[in-house]
Each structure stands twice: as structure tokens, then as C-alpha cells.
Amino acid sequence: MARQVKTRNKVIVTIAAWAVGIAIFFPILWTVITSFKSEADAIADPPVFLFFNWTLENYVTVQERSDYFNHFMNSVVISVGSTLIGLLIAVPAAWAMAFVPGKRTKDLLMWMLSTKMLPPVGVLVPLYLIFRDIGLLDTRIGLVIVLTLINLPIIIWMLYTYFREIPGEILEAARMDGATLKAEILYVLTPMAVPGIASTLLLNIILAWNEAFWTLNLTAANAAPLTAFIASYSSPEGLFYAKLSAASTMAIAPILIMGWFSQKQLVRGLTFGAVK
Amino acid sequence: MKTIYRALLGACALSALSTAAFAETTITVATVNNGDMIRMQGLMADFNQKHPDIKVQWVTLEENVLRQRVTQDIATKGGQFDVMTIGTYEVPIWAKRGWLADLNDLPASYDANDILPAIRNGLTTEGKLYAAPFYGESSMVMYRTDLMKAAGLDMPAAPTWDFIKQAAEKMTDKSKEQYGICLRGKAGWGENMAFLTAMSNSYGARWFDEKWKPQFDGAAWKQTLTDYLDLMNKYGPPGASANGFNENLALFQSGKCGMWIDATVAASFVTNPKDSKVADKVGFALAPDKGLGKRGNWLWAWNLGIPAGTKKVEAAKTFVEWATSKEYLALVASKEGWANVPPGTRTSLYENPEYAKVPFAKMTLDSINAADPTHPTVDPVPYVGVQFVAIPEFQGLGTAVGQQFSAALAGQITAEKALENAQALTVREMTKAGYIK
Amino acid sequence: MATKHSRAAARLMISPAVLLLLGWMIVPLAMTLYFSFQRYNLLMPGMEEWTGLANYQYFLTDPAFFDALTNTLLLVGGVLLVTIIGGVMLALLLDQPFFGQGVVRILVIAPFFVMPTVSALVWKNMFLNPVNGLFAHAAKALGLQPYDFFAQAPLASIIGIVSWQWLPFATLILLTALQSLDQEQLEAAEMDGAGPLSRFFHIMLPHLARAITVVILIQTIFLLSVFAEILVTTNGGPGTASTNLTYLIYAQSLLQFDVGGGSAGGVVAIVLANIVAIFLMRMIGKNLEA
């Protein structure tokens, strides 16, 4: 009897969960489907879901118009580059804050986070002038620097909360055994820290990939990532739903696929200290 | 001499990479994502073949983003672009600042005198041409001949606003999603304000009097705005306050508008059977008037300009010359047909008997000639520009006023309130900028 | 346990991050402060002059300023409300055993990966458009008048779009927190005859408090500077109905190219952001210390 109730519950929950999941995912699904339609089918009323003439025409048009691969490579270099450099700076800082906390550690962390609250539009012109003077406009390296800096507080915060959950006793035990600082980091901490670092890395690649203010304003042709690519489609002429969908799909597909494949790793460390 | 030096330098650099040794200059061209520009990108093979030493990199952006990016870059001398696509609004202001390289030394074969006078005057400052027009436009009425006939009406070649209203009423059938008139409603100085400013000219309104005092508290503006709101609320499509040129184009192409008053360049899109469901049922007429001597049409051109600071002036000029030449028009005609040629720039195009066969050619030319940027209004004004005021503050002002009118269209505030707000904010900004002492 | 030696080492390890962020904060901030006292319009070079507080005066008396302030708070508050309530409900649902958990989780987190520009474009054109949008088609099929989202409820529409993007984030954090809840405690409560509602309010919600705090903190940081969604959909309008502080500053400095006025706005926004930061710090301090 109890078993039956359980199964029935499971079925109900299954239906509800799938319904909600599909509803949330639907806008993306619809975009992908529309990208394979002709422009006329894209605005057909009543809408056509699956039974229409599937075509790759929109992708061809989009590729003819813009060099997708170049934008894609820029996005990869900028998001991965800024994340790696960010980690390089953040791991030691977060480690020190977590294991050698001082009186001011909390304040320091909050201050770091507050730098992220500055409205970027307010400082665009000053920064543009600086970048012009040191020749960083429209360079990948320039964007890597900016994105590293704007995401650094989040990286540090995430790592800090993760590191803090590593029990201190383990370290003490290692120290008792006469482990050096180096050994402590290499053999004790690293294995425990890897999941946290991995999910920080993934989250930041996503954030950097989707950053659309600096990447659009500090680039022209050479370093322009996919955010700039999509900016040229934001209000094209005439019927454009299908082409817009194709361009949108091309802009989000790489990160979406990466996100799906690594979602386990992403989720594992994504707690920001919320779990005690 | 310089070229040889450059060639040598290039050769040194390239031979190190052991590739072919010719000097290649790369220029970056910023452009707007309009159909004619996109088409040009598809025809670059011709340019590359004629000028193998110049490589062109495109930065294609949506209009508002483009404007912000290029203005910011040229004002800070950022040097990211070698050729910029700019409007007739920017050219005189930028030229006065010395930001643009002049184009007076283009070869005789380019035939700059062939450029339509109305357009050329707007691009000339103190006798020098500062940008080359890629395409020019005015605005006109585009209407559905079948619906007009069904309504039992006959569109005159030069209609009045009263006729437009009458026709809109007869053509509207909301149950069939058929709206008598589609007009711009999206806020922006280049969106709803382009239309409304041009419309207000024909109503005898103006932005400023000769002492730069804003005029939104006058009767002419009130009449303009109430008539516009009346038309749109009764006969316009839903969501009009978010509709700009592109949204309206999509509506018209999908057969939902009876009439549409907008840019003449739209004519080639709405008559193109590939994109438009109503391609063979479109007629054209001049923009309406109110019997006061001015029509409600504007004048605009997208032009190619070269920033004064660029080190690649020669290559940039070569490109600008190619893109705005008579040969380019012929090239487009041979590949895509005459109807798709960038319109509104050259007298010779309108004298071409082949082009005269294009249904909207004459109406486009007449509309362009009917606009006078130096005397845009019924009463005298201290500014130049039909649907804009050629002062640097106008972008901000126009957009802020546009937001008020857009809010009135959305029904959030009344027409009176919108005009009152517009007047207050214009007085404020003009005082801040020092026009009103 | 921390020795003098390890303290010094720790300081050394923290310093690169601190120095970089300090530089990142101070250099633009100093320049912004400097410009905010200047009459400086990019379109009028050579006219720069000291104007004292004029820029601040104009920015703060701008009729749009108060609207922008209200809209910023409504936007942040609205999205937080939707994502937290939605996130808790979704987390409770996904925490139950059901078939295809992995796939559903993938579906639910997907919006988080979508660029703000793309999501705004897709929502605006393909769903909310009152003529060709899917919602309009649906309304017509039901015999209703299509609703004109961006004209009638611009801010609410933007809150909806932004919430869609952030719901996955809130759900994930809350779900992880929920999974760490002690099952025995729940079962014990059930034995004692506590109904599902009372179990939720007395055991689950207190347990989730910390996670909710984290969601509020992280999301607020990002929500204060929502920009792309507004630029793409409403341009801050109609009127100023969807202009937030970030957008107002954008209009000042990049539409009017009034760098002086924009900078003054930037300084005001920084001051306000810091007030929010202090407020958050208090809250976090209380909730995260334990």
C-alpha cells in the first residue's frame, strides 16, 4: 500500500517537474526550432512547431554576413583567459582569507564585492581614454584584463566560501605530521579544493562569455566576441525572426553545451557558503 | 615614395613569414546593419579584385549602438575605425570640429557634382565635401493598392493629412488584423521623432523659435501630437509604441498595414517578392501636407566618412570612392537588379532609363527634392535639418522628447502632459547648454 | 594557531588581488570624480571648464532621476522576489525523487547560460511582440486581445525576462541547500504529526535562510547594473517607465555624450550602491556568521 502511494507520488512529481522544466526551457527550444524555419514560417499564425520545411538557409545567411569563427575564438580566448588569470590571483587570496582569517577579512571581502556594484557605464569614458593611450582598444588582452578585474571579486568570494568548508583539523593533522606549507597545499588542500576551483572556473567562463557591456564597447573588429556578433542582428530589416534565431543559437550554443556537459562539476561547488 | 617605403616595410615583415611580398593595408569599416550595407559586404569580391592590396574588415552594428561607438571613438580619437558610416546629422557637426578628412580630392571620374544637390548640400561645409553618400532617402506614403480600392478610395499623388485619416479609417479591420496605418512609435530621435518632427513641419510647428526658445507649448505641436495619437489609437497596430522602422517594415511586409509613412528606401523591400507578401500590391505617394506649404517628409542619407586622424587615409578613400561610385551602382544592378541599387544619391541614376522603370524611382526623387533642410519649417528657425536640429545636444533632447511622446502613445500620459514635459525638459537642457541665457 | 609567519604569508597572498582591485576601483573613480566637476561634452571639445556642482545639480533635479531610482529598486526587488519564491518552490519540487531528474535539471538551468542580449531579443520579438509574438498568437487563439507587454507593463516585462535568467541560479543554490537538510529531523517532525506546511515553515525555511541570503547578495550585485535587457527591449521607455539608474547614466554619457553629467550620475550611483552594500553587509553579517 505504502509502496503504491510512493509510486503514485513519484508519477505526479515526475509530470510536474517535467512540465516546469520544459516551460522554463521552452524559449530556448523555440529559438532553436525557429532558426530552421523560413521567415514566413517563423511568423506563421497559428505557429508551426515541427511540421514545416526544415532549412539551413538562415545559418548560411548568417555565416555569409559575419565571420562566426573569429567571434567564437575571441569569446573562447577572452572568457577562458580571464578566468585562468583570475584564478591565479584569487586562489592564493581566498586560501589565505579562509585559513588565516584576520579581524578584517569579512570587511575586505565585502569591499571586494562592492567594487562590482559600480555601474560600468559611469566609468566607460575614463577607461576608454586609458585604453586608447596604452593601445589596448580592440585587443583580446585588453578585454582579458577588464573581465579578470570585474569577475575577480566573485571568484574570490566563491573560492573563499568553498575553502572555508574544508575542515581545519585536517590541516592541523598534516602539520603535526611535519608537512611543509608546500606539501600541505599540494597534497592535502589541492585534492579537496579541486571541485570548488572547477565550479568557480565554469561559473566564471559563463559570466565572462555573456558579459556584453565591456566586450561591445572596447572592441571593433579584431577582438570582438560573440556579444558583438549578436549586436549586429538586434534589429535587422524586414522579417528577421528566423535569422535572429539562427544567430542567437550560434551565440549561445557553445556555452550551453559546455554548461550541460559540466553541470555536475558546476553545481558541486556552487554553494557560496550557503550550505552549512 | 611613401608607398615604396611602406611596401619595403611590408615586404620585410612578410618575408619573415615567407609569404607573398606585397604591402597589404587593412582598413576597418564601421557600418549599420541595413540591407544595402549588408549587400555591399556580399559584393566585396569586386573591390578585392580591383584593389588586392587593401583588406577590408567590417564592424556591423545596429544603428543606435553604431552611433554611440563611432561618436565615442572619433571624439576621443580612439582610432579604431578608418571608415565610418554616419548620417546627415553627424556630418556638419563633425566637420565643424575638424574630425573628418575632406573628400575634395576625389578624382574627376568620381564626378562629385553628380550627387543629388539636396543630399550634397547637407554634406558640404564651407565648400568642402566631408562624406560621400551611400544611399539617400526621404519619406513617403506607401499603401496597399488592393485595400485602397476595396475602400473605394483613390490615393492622390500628393495627399493631405485629412485624406490619410479618412483612408486609414476605411482600411482598418481589426478583426482581420488589418490596420489602416502604421507609424513609428518607438522612442528615439531617429525613430519616432524623425517622423513626428517631419510631420510637425507640415503642421506649421517648429522645435525652436529664432531665439532658441522651445515651442512645444504652441498650438501647432498640440495639433500635430493629437492628430498623430488619434490616428494611431484608432487605426494603428497594437504595440505601436515599440515600433520603429524595422518593426513596421515587418508588419507591412506581412500584410498587416494599409498605409505606412516612412523612409523611401523601404520601397525596395516591400516590393521584393522574396521578403514581402504584398510585393505586387504597393503604391506610393508623397508625404502628406496640411496646406501650409510644407510636406511631412524628411531628408536623410547614410554616408561614408573618414576620421581625420586615421593613418590609412589613402586606402580609406579608395574604399569610399569605390562604394559610392557610379560603377558600384552598376555592379549592384547587374547582380541584383535595378530595384536593389542604393537609391537617392546620384542624378545620373535617375536619368538612367533602366532605373526609371523601377516603380518607386520617381516618387523617391520627388520626395527627396521636396525636402529643404535649410528652410525646413513654415516659420523661420535658427537651425538646419528637416527631421532633426543639427546641434550636438539634439540626440539627447530628441530621444528624451521622443520618450514622452512614446509614453503618450502607450496611453501612460495625456498629449497635454507629454507636451508639457517635453517643453520643460527642452527648456532645461537648452538652458544647461547655454542657448537660453 | 595562526603564527606570525603564516600571517605574513597570508598577507602576501592576498595583496595582489587587493592591489589590483584597488587600482581598478581608484583610477576610474578618480577620473569619474574629476570629470563630474567639469563641463565636458565629447561633442564639444575645447569647451571644458570647471563647473563646480552644476552637473550634480542637474542630475539630481532631473525629473527622470527619481523614476530611475524607484525603477532600480523595483527591478532588483521584483526579480529577487520572483526568483526566490520561484526558486524555493522549484527546489522543493526537484528535491523529490522522480523519473529523469538529470534531464530536467539540465532544462531548468539552461537559461542561466544565455547571454542577456540574446534572451532580451528572443523574449521581445518572438514571445512578447503583440502582433507576431507567440503570446499574441496564443491570446488570439483563445479569442483574447493580445496584450501589449512593453507598452502596458514595461518594467514588469523586464522583471520577467531578468527573472527567467536568474531563476536557475537561485534554484540551484536553494536545491543544494535543501539536499543538505537532515532527513531524520524531517521524519521526526512528521512522526510528531507536523503537517507539510508546518514542516516547511519550521524546518525547511529556517534551514534555507542562509542560502536565500546568498542568493540575495549575489543577485543584487548583478541586478543593480541590469542594462542590456533594457537597451534591447524598451530603451528605458515608454517615457521613463523602465529607466533604471544604469540606463539613465548611459543616456547621459553615451547618448548625449555629456561625460560631465554622466560622471556625476556615476558618482551618485556609486554612493547609492555603497549604501546597498552596507545594508547587505549587515544582513549577511547576521546570517552568515553562524
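Parameters at a glance
Residues numbered from 1 in each chain as written. Chains lettered and ligands numbered in written order. Predicted model: local features only at pLDDT ≥ 70, side-chain atom pairs only at ≥ 80, totals over all residues. Helix = DSSP H or I, 4+ residues; strand = E, 2+ residues; numbered from the N terminus. Rg over C-alpha atoms; globule rule 2.2 N^0.38 Å. Buried ≥ 20, exposed ≤ 12 C-beta atoms within 10 Å, placed from the backbone. Contact = placed C-beta atoms within 7 Å. Nonpolar A, V, L, I, M, F, W, Y, C, P; charged D, E, K, R; others polar. Core = buried A, V, L, I, M, F, W, Y, C linked by C-beta atoms within 7 Å. UniProt positions renumbered as here; feature names shortened; annotations may be inferred. Domains from an automatic or database assignment. Expected span 1.5 Å × (residues − 1). Bend = angle between axes of the 7 residues up to and from the residue. pLDDT = per-residue confidence, 0-100.

## A few points about the overall build of chain A
Point 1. Looking only at helices and strands, one finds 13 helices and 0 strands in chain A.
Point 2. Its C-alpha radius of gyration of 24 Å places chain A more than 25% over the 19 Å reference for a compact globule of 276 residues.
Point 3. Each principal axis of the C-alpha atoms in chain A carries an extent, and together these give about 75 × 75 × 30 Å.
Point 4. Counting the 276 residues in chain A, one finds 52% classified as buried.
Point 5. When contacts within chain A are restricted to residue pairs at least 6 apart in sequence, long-range pairs at least 24 apart make up 82% of them.

## Topic: the overall build of chain C
Point 1. Assigned secondary structure in chain C consists of 13 helices and 2 strands.
Point 2. Taken along the three principal axes of its C-alpha coordinates, chain C extends 80 × 75 × 30 Å.
Point 3. Classification of the 290 residues of chain C by burial places 52% in the buried group.
Point 4. Within chain C, residue pairs in contact and separated by at least 24 positions form 71% of the contacts whose partners lie at least 6 positions apart.

## Examining the interface of chain C and chain B
Point 1. Listed as interface residues are 24 residues of chain C and, on the opposing side, 29 residues of chain B.
Point 2. Of the residues contributing to the side of chain C that touches chain B, the split by class is 15 nonpolar, 8 polar and 1 charged.

## As for the interface of chain C and chain A
Point 1. With 84 residues of chain C in contact, the opposing surface of chain A contributes 76 residues.
Point 2. For the side of chain C that touches chain A, a count of residues per class yields 63 nonpolar, 18 polar and 3 charged.

## Observations concerning the nonpolar core
Point 1. Judged by nonpolar contacts, the single largest core of 317 residues is most densely connected at A:Ala90, A:Ala94, A:Ile156, A:Leu159, B:Met142, B:Phe319 and C:Ile173.
Point 2. A total of 16 residues in this core trace back to one element, the largest contributor, which is helix α7 (residues 140-164) of chain A.
Point 3. Discounting residues that sit within four places of it in the chain, A:Ala90 has contacts with A:Leu152, A:Ile155, A:Ile156, A:Leu159 and C:Ala17.

## A few points about the UniProt feature "transmembrane region" (unreviewed entry) in chain A
All names here are of chain A.
Point 1. The UniProt record annotates "transmembrane region" (unreviewed entry) at residues 12-33, 76-96, 108-129, 141-163, 184-207, 213-233 and 240-261.
Point 2. Helix makes up 48% of residues 213-233 and strand 0%, whereas the separation of the span's terminal C-alpha atoms amounts to 16 Å.
Point 3. The span residues 240-261 shows a helical share of 95% and a strand share of 0%, and its end C-alpha atoms are spaced 31 Å apart.

## As for the UniProt feature "domain: ABC transmembrane type-1" (unreviewed entry) in chain C
Point 1. As recorded in UniProt, the feature "domain: ABC transmembrane type-1" (unreviewed entry) lies at residues 69-280 of chain C.
Point 2. In residues 69-280 of chain C, helix accounts for 76% and strand for 0%; the two terminal C-alpha atoms are 18 Å from one another.

## Here we look at the domain arrangement of chain A
All names here are of chain A.
Point 1. According to the domain assignment, chain A consists of domain 1 (2-59) and domain 2 (67-269).
Point 2. Averaged C-alpha coordinates put domain 1 and domain 2 at centres separated by 32 Å.
Point 3. Taken residue by residue, the interface counts 11 residues in domain 1 and 8 residues in domain 2.
Point 4. Of all the elements in the fold, those that place two or more residues in the side of domain 1 that touches domain 2 are α1 (2-34), α2 (39-42) and α3 (57-65).
Point 5. In terms of residue count, α1 provides more of the side of domain 1 that touches domain 2 than any other element does, 3 residues in total.
Point 6. The residue inventory of the side of domain 1 that touches domain 2, partitioned by class, reads 4 nonpolar, 5 polar and 2 charged.

## With respect to helix α5 (residues 116-127) of chain C
All names here are of chain C.
Point 1. With 12 residues, α5 ought to run about 16 Å at 1.5 Å a step, and its terminal C-alpha atoms sit 16 Å apart, in line with that.
Point 2. With respect to burial, α5 is a largely interior element, 12 of its 12 residues being buried.
Point 3. For α5, the full list of buried residues reads Pro116, Thr117, Val118, Ser119, Ala120, Leu121, Val122, Trp123, Lys124, Asn125, Met126 and Phe127.

## Overview of the UniProt feature "transmembrane region" (unreviewed entry) in chain C
Point 1. Residues annotated in UniProt with the feature "transmembrane region" (unreviewed entry) correspond here to residues 12-37, 73-94, 106-123, 155-178, 208-228 and 264-284 of chain C.
Point 2. Across residues 155-178 of chain C one finds 100% helix and 0% strand; the C-alpha atoms that close the span lie 32 Å apart.

## Description of helix α10 (residues 196-223) of chain C
Point 1. A rise of 1.5 Å per residue sets the reference length of α10(C), with its 28 residues, at 40 Å; its end C-alpha atoms lie only 33 Å apart and thus fall more than 12% short of the reference.
Point 2. Roughly 45 degrees is the biggest bend found in α10(C), and it falls at C:Leu205, with proline C:Pro206 one to four residues downstream.

## As for the confidence of the model for chain C
Point 1. Taken over all residues, the pLDDT of chain C has a mean of 86, while the share at 70 or more is 96%.
Point 2. What the predictor reports for the complex is a pTM of 0.86 with an ipTM of 0.87.

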